[in-house]
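Letter by letter, the chains look like this.
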Amino acid sequence: MDEVCYDLVTDALRNGHQVMVFVHSRKGTGTTAKALAEHAAMENELERLFIGEEGENDARTKYAERAEKSRNRELAEHFRNGMGIHHAGMLRNDRKLTEQMFNDGAIKVLCCTATLAWGINLPAHTVIIKGTDVYMPEKGANVDLSILDVQQIFGRAGRPQFDTSGDATLITSYDAMARYLDKLVRATPIESNFIKQLADHFNAEVVAGTVTNIQEAVEWIRYTYLHVRMCRNPLAYGISPVQHESDPTLRTRSRELAVDAAKLLDERKMIRYNPNSGNVAVTNLGRVASHFYIRNESIATFNELLDKNFSPTDADLCHVMCCADEFENIRVRPEELDEVDRLKKECPIKIIAPVEEFSGKANVLLQAYISRARVTSFTLISDTNYIASNASRVARALFEMCLKSGRASAALKFIRLAKSVDHRFWWFQSPLRHFESELKKNVFTQLEDQRRVASEDEPFQLAISLLDMEPNEVGQLCHCFRDGELIQKYVRMLPNVEVKCTVHPITKGTLRFQIELEPTFNWNPRYHGGAEGFWLWVEDNENNRTYHNEYILFSRRNHPESTTLELIIPVFDPLPTQYFIRIVSDNWVGCESLIPVSFRHVLLDGLSSPTFFTSLFDLTPLPIQALSDERYEQLYSKRFEVFNPIQTQLFHILYHTDVPVLLGAPTGSGKTTVAELALLRMKKQNPRSKCVYIAPLKSLARERLKEWTKRLGSPPLNWKVLELSGDTSHDSYALNKSDILICTPEKWDLISRGWRGVSHDFTSSSASNGKQFVRQVGLLIIDEIHLLGEERGAVLEAIVSRTRFISQYVKAEAQCQSEKETTSEMTRIMGLSTALANPYDLADWIGIDVEGHGTNAKKGLYNFHPSVRPVPMVVHIQGYPGRHYCPRMATMNKPCYAAIKDLSPTKPSMIFVASRRQTRLTALDLISHAAGEENPKLFLHCDYDFIEAVAESLNDKVLAHTITFGIGLHHAGLTSRDRETVEKLYLEGQIQILIATATLAWGVNLPAHLVVVKGTEFFDGKLKRYVDYPVTDILQMMGRAGRPQFDKEGVAVVMCEESKKNFLKKFLYEPFPVESCLEGRMCEIINAEISIGTINSLSDAIGYLKWTFYSRRVKMNPSYYGAKSSSEEDLEDFYLDVVKATLSRLKDEGCIVVNETEGTDFLVVPTLLGRACSNFYLLHNTPMQMKKSITSLKKVLAHHASSDKNLQDMPINSFVNKDMAKRVKNIRTFDLDYPIYIYAVAHILYGLSSTHENDELPVRHNEEELNLELSKSLPWGHDLSKLSFWMEKKKQPGNLLDIMLDPHTKCFLLLQAFIFKGKLPISDYINDMRSVVDQVPRLLAAMECIAIEDKGSAGSFEMFSCFPMVRKIFSTGMLNLRSAVDKVVFPATFEHVWVSKKIDKASNQHVGLLEIGFKFDRNVLKNIQSKKSNADDSQSSSVTLVLGTLLGGYLLQTSSFAIPDYRRENYWTKNIGLNFDWNLAEANGGELNCVVLRVVHEFAHSIDLDMSISLKHPE
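Residues numbered from 1 in each chain as written. Predicted model: local features only at pLDDT ≥ 70, side-chain atom pairs only at ≥ 80, totals over all residues. Heavy atoms only, no water.

Details of the overall build of the protein
Move 1: Along its length, the protein carries 59 helices and 42 strands.
Move 2: Counting every position in the protein, which comprises 1515 residues, the buried fraction comes to 54%.
Move 3: About 68000 Å² of surface is accessible on the protein, with carbon and sulfur atoms providing 50% of the total. (Helix = DSSP H or I, 4+ residues; strand = E, 2+ residues; numbered from the N terminus. Buried < 20%, exposed > 50% of the residue type's maximum accessible area, 1.4 Å probe, protein only. Areas by Shrake-Rupley, 256 points an atom, 1.4 Å probe, with all protein chains shown as cover.)

Spelled out as structure tokens, the structure:
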């Protein structure tokens, strides 16, 4: 063959043509070129034909130097002979050089592989194919070169624009000649091979969600090329003519193929196939096979081998992997046996199968590859490369198979093997081999020689232990005496994660693991990239089982922030001594840790009591006439005639007694009516008493307000119903006149803090408003009291504890006055909840006797089983795969559509999702699926013209689009008008589907036959990751299905991540006990009680703690809270430690002062910071934060604000009469047109943004880039650097995107966007901005009160002038209106201005008094207010007076008042007196001996005044 090839090459060269010789191996290119050169040298034609005469080829001279410098010796050697080689094994630069040389004619002959014909456009006049035998590693034998390859290579013959023809020659064996001639002359159709792998592709479509039943599988097959060829050439696919005639579309044959594939996959546990219904469902095995492209034959083999051995060794698992069908075509040839035997001796792991079998040979070559053994045989090299390219994929597939099935040991070994294949060294070698290019070889050998104990984890632990040594000791150990520091540097880069785990028992068979993962390694982008992944699982070594597994990702952007996980782990009787947490790097070989979690301290004895459930009696339903009051009967006469069974059973205790009540019942049981019965009882007994209804969410508060205002606020009752939440405010008069207050927990907590009437000068706070009516509360209704166990539960706990304390206090006070004993508490407490696991604890806490045995025992406690529903409900729980949230949500859309069509084709359906974005995406997908079935208006049940008109009236564009297809959206980002429109259309049945965020489950009462909970996770802004919904939230959503009065039956479908499915099945109707969350807010709650005087000492604090639900749960479940046991002695010690730690934290944050006394007890006194924390509802560490921000601002103002600002002088006579003009030296305008005031305002807002109150502002995925773009469009940027004109600009540390990830940065940007009317990047920012802006008044008031503590310091005057300016900015909605006002007309003049001095007898100090009389023109005020940007008529016209010194900027006094808007006179006068420190004013009065009075109108810009008033008597 070489001679024939030589003759063809030389013939072409004699005619002056270039030649390409195609061979079929990389090695063959070199041997062919060498053979041609040797033959030419023998014939003395090398110089003449191949190289050319000297000087004849200029191109050759041009490339000679570059060819000689190439690192590829073969390239240089063949260039000297006028030839080149080209194959994929060469470096890219060498391949490009060869292509250029051949293209320019520097070489005449190019020996290459067939990839050149497909990949690179490099034609030649003559093309020769040398041989047609191609080695196929998959088959382990030579096969014929494909006719497609032959045609592609022949296509390279002939150069366009240079040749009119080309020559192509195929050199092959005599046997193959006829086959190639036939194929070249007569083209044959390409047939499909799809049937061979139909099962694998069928499984992939099932996993992707494309195919969910056999019918869809048939449709899928009809789209394939296989179906096209079966119709055209049925005989080739085993279809007889008779069959084809009877079924021309071949649907029967396609169905047979689909059913056969489904049965095969079901047998191999890759899918679940139901022959009766034809439905197919994915399994973990099928998902893994699809994801890692594993054949179904391999899965069958793995199932068989893994089931045989429960405790496999490394050798067993290597054998399992090498038995994969992917390696089946690896065969041992006789000439390879010697080398395979040699390699086998070097294998560190035992080879189970004989090398004569494919699994044995694959095992040997795999271990040789990892061990970097030298392989010489070409066929073995090819086989090794094939095995190496597939082994990691197969090993990772086996790892996930074992992990999902709970095989802990096997999973660990497979992930180790996969990583070893990727990096080509073993897990029992030193992990420092990752840095082989940076460290000397003897470092690894010395460290590996140190292994004396056969511990699998030791290489990593040994490497980490080097950090405990001195660098010289490390160098000595590794025999690299100068490299100790370098070695430690790379040890610090090894991915090491510190794991801390605390165990909290929940039930006797369930533990909660709280795991904190902290990365303790140094991040290097070269080695770690942008993210590092770890696998974490909890395993039981005794049973070789895993109980939880999770993939953890640490990003470079968040490094080294820790991550917290909360896992629910089962335990079994008897309780094991310990479980293990194993964390394994997904990429780094050997980097893994095993952390034991001991259960010795876990006490489960107190958790064994069974849950108490109340039996539902078979009673005759009570008619509404049982109320015996016509006014009350009218409330229900139009809604129902009789009470439901639960209401009937509770009627007597609600309507005829005043005992506290705890009702646990499923959603939809009529608990609202139960609450109303208690309300009617209270009003019947004491009409002057007030009811407080605590709603967990604003949406629920609004719904209750809307319903009760309509029913209770209208005739015949005419009760006054008010809502108190963060969005509303009422004056004291309205609060005292109210009958029913509907509050959020936080609002009532704040109001009830003022029950003693101690305001501590915080006259503007809500606490002072609450003092007059808190004691009049006769009924406290807490809806959804089971939320006590959630994050906000600490507030509920504080409310109830304080209410009971107030009730006992008022009761004792009443007894002293009347000298009569009363048995019941003054305030009746009612808790409404879903079914509870520990009702006794909650009942005891709210005042129900649960320990007695008489007739009153457990009176008021009702805890009905979850199955006691007025409307039956069927629940379906479906699991979906996917590690990442958004793709997993996308896979749920088609099943969601199918569930609606199957379970509620015409009845109303509701879909709950976690975010507004998901409402939009889900709706658009449902529309697509309906359109795919050629019925896009499937869910629309009204006239199209009508819905088009409705859509045009909506503000939200997405909603306007989806509503026309019968799908409504409901979330907090919609305007109230849009929400009401959607609710009305849904209630009237004009649209069938409502897609809502989870908050709707607690708020609006809308009917649904079908409820789909699409995903059970939501994004937690604080943790910056997705977390699970509490089970109570899922139950609340499901409870919307089959509501009474609307439906006779209900269906709920819960779609969750696959691993959560079993958890939900078990615990959805077996609720966890409600545990206290008080510990997380202990500082705030204790501080509040200290501020209002309930707690005055350490012993008081311990006594208060015993009133709480927290103390009851500590006694029942001590291990959960960290107590040693439930004994009285241990509990006392525990309470003492908790209180001492809390008081210590409050003291450190400046909230309290501790006065030590004799003995162990000590007194505690609130500070200004502590009272501000309580009265303005701040976190305990926020006031100190604000104080530091205030201090830094005052320093700047004291230094820069005293400079001349060129204020505009105003004519004095326009404001005061002639007599007063002598006292007033000048009157000037005051506004924010000066840089220092702009800086001060920005600094205040930046300080508010930086407080802990904004820690949980969500920064969603990719929002850091949006924040960066937003910061560029805003004048102040992301911090104060642009405004700090007097400071030296500092280089910003770190990555700017990391700064944009900070929620406080986003908060500052949103405040700027509000002030400057900046364009927000996405709709989510609108609601974020609203929540941020809503907090500003409260935080600003708190900051102002904190600043009063040090009002006598320099800069305070300027700072207190800026506080009302900030309020003005948010009142008017913009920074300055000066440019928008043509002519400024001031609303106020001064009737008198007088300064006097007197001596304060108490302090013997001179005190000044500034008396000033204002006269406001109402017509001017109305004209100004009409120009306000936000035109909010509800806001009052407030005026702030700030009195300060001319020099130093010392604050003398500040005051404010509101201009009433209910008077009809044209003028309104106001006299104000301001006391101030005369000595301070006189010392800093300047040459004119003046004080400065600033008058800031908080309702409009450009009308503020700066008045200089002389302290001297006018002459």
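Some words on empty space enclosed by the protein
Move 1: For the structure shown, the criterion picks out 7 cavities of 30 Å³ or more.
Move 2: In this structure, the largest cavity occupies an estimated 70 Å³ of space.
Move 3: Around the largest cavity, the lining residues are W748, S752, V774, V777, L780, T803, I806 and T827.
Move 4: Secondary-structure elements contributing two or more residues to the lining of the largest cavity are α32 (745-752), β21 (777-782) and α34 (793-818).
Move 5: Partitioned by chemical class, the residues of the lining of the largest cavity number 5 nonpolar, 3 polar and no charged. (1 Å grid on protein atoms, 1.4 Å probe; cavity = no way out; pocket = protein on both sides within 12 Å on 5 of 7 lines; lining within 4 Å. Points joined across faces, edges and corners; volume = space filled by probe spheres on them. Nonpolar A, V, L, I, M, F, W, Y, C, P; charged D, E, K, R; others polar.)

A closer look at the packing of helix α17 (residues 314-322) against helix α19 (residues 358-371)
Move 1: Running from amino to carboxyl end, α17 crosses α19 at an angle of 115°, the nearest separation of the two axes being 9 Å. It follows that α17 is roughly perpendicular to α19 by the angle criterion. For the pair α17 and α19, the sense of crossing is right-handed. Along its contact with α17, which presents C318, H319, M321 and C322, the element α19 presents F358, S359, A362, N363 and L366. (Axes fitted to C-alpha atoms, helices over the stretch in contact; angles between N-to-C directions. Parallel < 35°, antiparallel > 145°, perpendicular 65-115°, else oblique. Left-handed = near helix turned anticlockwise from the far one by under 90°. Contact = heavy atoms within 4.5 Å.)

Looking at the nonpolar core
Move 1: In this structure, F202, F302, M321, L398 and F414 are the most contacted members of the largest nonpolar core, which totals 91 residues.
Move 2: Here this core gets 13 residues from one element, more than from any other, and that element is helix α20 (residues 378-404).
Move 3: Ignoring anything within four residues of it in the chain, the contact list for F202 reads V211, A217, W220, A258, A261, A262, L265, I271 and V280.
Move 4: If you look at the next biggest cluster of nonpolar residues, it comprises 68 residues, including A1172, L1309, I1346 and C1362. (Core = buried A, V, L, I, M, F, W, Y, C linked by side-chain atoms within 4.5 Å.)

Focus: the sheet that holds strand β28 (residues 1010-1014)
Move 1: The parallel open sheet is built from 6 strands, whose spatial order is β24-β31-β28-β25-β27-β26. Sheet topology places β24 (873-880) and β26 (967-970) at the edges, where each strand pairs with a single neighbour. For this sheet the average axis-to-axis angle between neighbouring strands, irrespective of direction, equals 15°.
Move 2: Note that β26 and strand β27 (residues 993-997) share 4 bridges and pair parallel. Pairing of G968 across the sheet is with L994, part of β27.
Move 3: Contacts between helix α42 (residues 1031-1038) and the sheet are confined to β24, β25 (909-913), β28 and β31 (1050-1057), with β28 contributing the most and set at about 150° to the helix. (Pairing = 2+ DSSP bridges.)

Examining the environment of E400
Move 1: Secondary-structure assignment places E400 in helix α20.
Move 2: We classify E400 as buried; its relative accessible area is 14%.
Move 3: For the pair E400 and R287, spaced 113 residues apart in the sequence, the C-alpha separation amounts to 9.9 Å.
Move 4: Dropping the residues within four chain positions of it, E400 is found in contact with V288, F292, W535 and R883.

Comments concerning the sheet that holds strand β10 (residues 497-507)
Move 1: Pairing is antiparallel across the open sheet formed by 3 strands, whose spatial order is β10-β11-β14. The strands lining the two open edges of the sheet, one partner per strand, are β10 and β14 (563-570). Within the sheet, the average angular offset between the axes of one strand and its neighbour, ignoring direction, is 20°.
Move 2: Relative to strand β11 (residues 510-519), β10 runs antiparallel, the two being bridged by 10 bridges. Looking at the pairing, E498 lines up with E518 of β11.

Here's the deal with the environment of Q1453
Move 1: Following the sequence through the fold, Q1453 ends up in strand β39 (residues 1451-1459).
Move 2: Sequence-wise, Q1453 and R977 are 476 residues apart; in three dimensions their C-alpha atoms are separated by 46 Å.
Move 3: Once you skip the residues sitting within four places of it in the chain, Q1453 turns out to touch K1351, L1441, V1442, L1443, L1474 and N1475.
Move 4: A polar side-chain atom of Q1453 sits 3.1 Å from the main-chain carbonyl oxygen of N1475. (Polar contact = N/O pair within 3.5 Å; in protein donor to acceptor, adjacent residues only side chain to side chain.)

Structural notes on the pairing of β31
Move 1: Counting buried residues along β31, 8 of its 8 residues qualify, which places the element largely inside the surrounding structure.
Move 2: Judged from the 8 bridges that link them, β24 and β31 form a sheet pairing that is parallel. Among the inter-strand pairings, Y880 is bridged to a residue of β31, identified as E1057.
Move 3: Direction of pairing for β28 relative to β31: parallel, over a ladder of 5 bridges. Residue pairing for β31: V1013 is matched across the bridge by V1054.

Focus: the confidence of the model for the protein
When pLDDT drops low, the exact placement of atoms in the prediction is not to be read closely.
Move 1: For the protein, mean pLDDT is 86; residues scoring 70 or higher make up 92% of the total.
Move 2: Under a pLDDT of 50 for its full length, residues 758-770 has, in the predicted model, 26 contacts with residues more than four places off or in other chains.
Move 3: Every residue in residues 1429-1435 is under pLDDT 50, and counting partners more than four places away or in other chains gives 9 contacts. (pLDDT = per-residue confidence, 0-100.)

Some details on the pattern of salt bridges
Move 1: The tally for this structure, following the rule as stated, stands at 60 salt bridges.
Move 2: Its salt-bridge partner being E933, residue K901 comes within 2.7 Å of it at the nearest N-O pair. Residue K901 is located in helix α37 (residues 893-903), and its partner E933 is located in the loop between α38 (916-932) and α39 (944-952); the two are separated by 32 residues in the primary sequence.
Move 3: With relative accessibility at 35%, the residue K901 sits in the partly exposed group.
Move 4: A residue is classified by how much of its surface remains accessible, and E933, at 44% relative accessible area, is partly exposed.
Move 5: Residue K1306 pairs with D1328 through a salt bridge whose shortest N-O separation is 2.8 Å. Residue K1306 is found in helix α55 (residues 1303-1316), and its partner D1328 is found in helix α56 (residues 1324-1348); the two are separated by 22 residues along the sequence. Here the two residues K1306 and D1328 agree in accessibility, since each one is buried.
Move 6: Because the salt bridges share partners, they merge into one network encompassing R888, E1017, D1028, E1057 and K1060. (Salt bridge = Lys/Arg side-chain N within 4 Å of Asp/Glu carboxyl O.)

Looking at the packing of aromatic side chains
By convention here, two paired aromatic rings are described through the distance between centres and the angle between planes.
Move 1: Following the criterion strictly, the structure yields 52 aromatic pairs and no others.
Move 2: By way of ring pairs, the aromatic residues F1215, F1390, F1414, F1416, F1457 and W1468 are connected into one cluster.
Move 3: The ring of Y369 carries the charged tip of R424 above its face, separated from the ring centre by 4.1 Å.
Move 4: Note that K683 overlies the ring of W719, its terminal NZ or CZ placed 5.7 Å from the centroid. (Phe/Tyr/Trp six-rings, centres within 6.5 Å; stacked < 30°, edge-to-face > 60°. Lys NZ or Arg CZ within 6 Å of the ring centre and 35° of its normal.)

Regarding unusual backbone geometry
Trans peptide bonds make up the majority, and among non-glycine residues the majority have a negative phi.
Move 1: Here the residue pair H559 and P560 is connected by a cis peptide bond, since its omega of 5° sits within 30 degrees of zero.
Move 2: Along the polypeptide, P560 turns up in the loop between β13 (545-555) and β14.
Move 3: D573 connects to P574 through a cis peptide bond whose omega is 0°.
Move 4: With respect to the secondary-structure elements, P574 resides in the loop between β14 and β15 (578-585).
Move 5: In this structure, N44 takes a positive phi of about 55° despite not being glycine.
Move 6: By secondary structure assignment, the location of N44 is in the loop between α2 (26-42) and α3 (46-51).
Move 7: Assessed through its relative accessible area of 67%, N44 is described here as exposed.
Move 8: The phi angle at K269 is positive, at roughly 65°, despite the residue not being glycine.
Move 9: Examined against the element boundaries, K269 turns out to sit in the loop between α14 (251-267) and β8 (271-273).

Digging into the packing of α17 against helix α21 (residues 408-423)
Move 1: Contact pair α17 / α21: the axes reach a minimum separation of 10 Å and the direction vectors enclose 65°. By the criterion of interaxial angle, the relationship of α17 to α21 is roughly perpendicular. Of the two possible hands of crossing, α17 and α21 adopt the one that is right-handed. Where α17 abuts α21, its residues D314, L317, C318, V320 and M321 lie against A410, K413, F414 and L417.
Move 2: Residue classes in the contact of α17 with α21 are distributed as 7 nonpolar, no polar and 2 charged.

Looking at helix α1 (residues 2-14)
Move 1: Here α1 contains 13 residues, and its C-alpha end-to-end distance of 18 Å stays within 8% of the 18 Å for a straight helix at 1.5 Å per residue.
Move 2: Here α1 has its buried residues at C5, Y6, V9, T10, A12 and L13. One face of α1 carries all of its buried residues, which in axial projection span an arc of 160°.
Move 3: Lining the buried residues of α1 we find β1 (19-23), α2, α3, β3 (109-113), β4 (126-130) and β7 (167-171).
Move 4: Positive phi appears at G16, one or two residues downstream of α1, with a value of about 80°. (Expected span 1.5 Å × (residues − 1). Arc of directions from axis to C-beta.)

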